[in-house]
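Geometric and topological summary
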Amino acid sequence: MLRNELRPLLAEYLNEDRVRREGFLLPEGVDRVVREHLSGRRDHQYRLWALLVFAMWVERYRPMP
């Protein structure tokens, strides 16, 4: 599903700029995992699901500055 129906969510929440801006994860590492999964070279579905849910949680519950 992450390669098809949920691919837009990966692009929105786990893109390198957003990950860098949030500051919780290493953008290069997240980008590598996303690219490997989308290309079919590796199956990172569980790791990406966890990262996606975390990114959505941060958006929802991160205190405003």
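The following paragraphs examine the structure supplied in this document. (Residues numbered from 1 in each chain as written. Predicted model: local features only at pLDDT ≥ 70, side-chain atom pairs only at ≥ 80, totals over all residues. Heavy atoms only, no water.)

**A short note on a nonpolar patch on the surface**
There is a patch of nonpolar side chains on the surface, built from Phe 24, Phe 54, Trp 57 and Tyr 61 and spanning about 460 Å² of accessible area. Here Trp 57 lies in helix H4 (residues 45–61). Residue Trp 57 is classed as partly exposed on the basis of its relative accessible area, which comes to 49%. (Patch = residues over 30% accessible without salt bridge, like charges linked within 9 Å, V, L, I, M, F, W, Y side chains within 5 Å. Areas by Shrake-Rupley, 256 points an atom, 1.4 Å probe, with all protein chains shown as cover. Salt bridge = Lys/Arg side-chain N within 4 Å of Asp/Glu carboxyl O. Helix = DSSP H or I, 4+ residues; strand = E, 2+ residues; numbered from the N terminus. Buried < 20%, exposed > 50% of the residue type's maximum accessible area, 1.4 Å probe, protein only.)

**Here's the deal with the nonpolar core**
Counting 13 residues, the largest nonpolar core has Leu 2, Leu 10, Leu 14, Val 30, Val 34, Leu 48 and Leu 51 as the members making the most contacts within it. Counting only elements with at least two residues in this core, the list comes to helix H1 (7–13), helix H3 (27–39) and H4. For this core, the element with the highest residue contribution is H4, accounting for 4 residues. When near neighbours in sequence (up to four residues on either side) are disregarded, Leu 10 contacts Leu 2, Asn 15, Leu 38, Leu 48 and Leu 52. (Core = buried A, V, L, I, M, F, W, Y, C linked by side-chain atoms within 4.5 Å. Contact = heavy atoms within 4.5 Å.)

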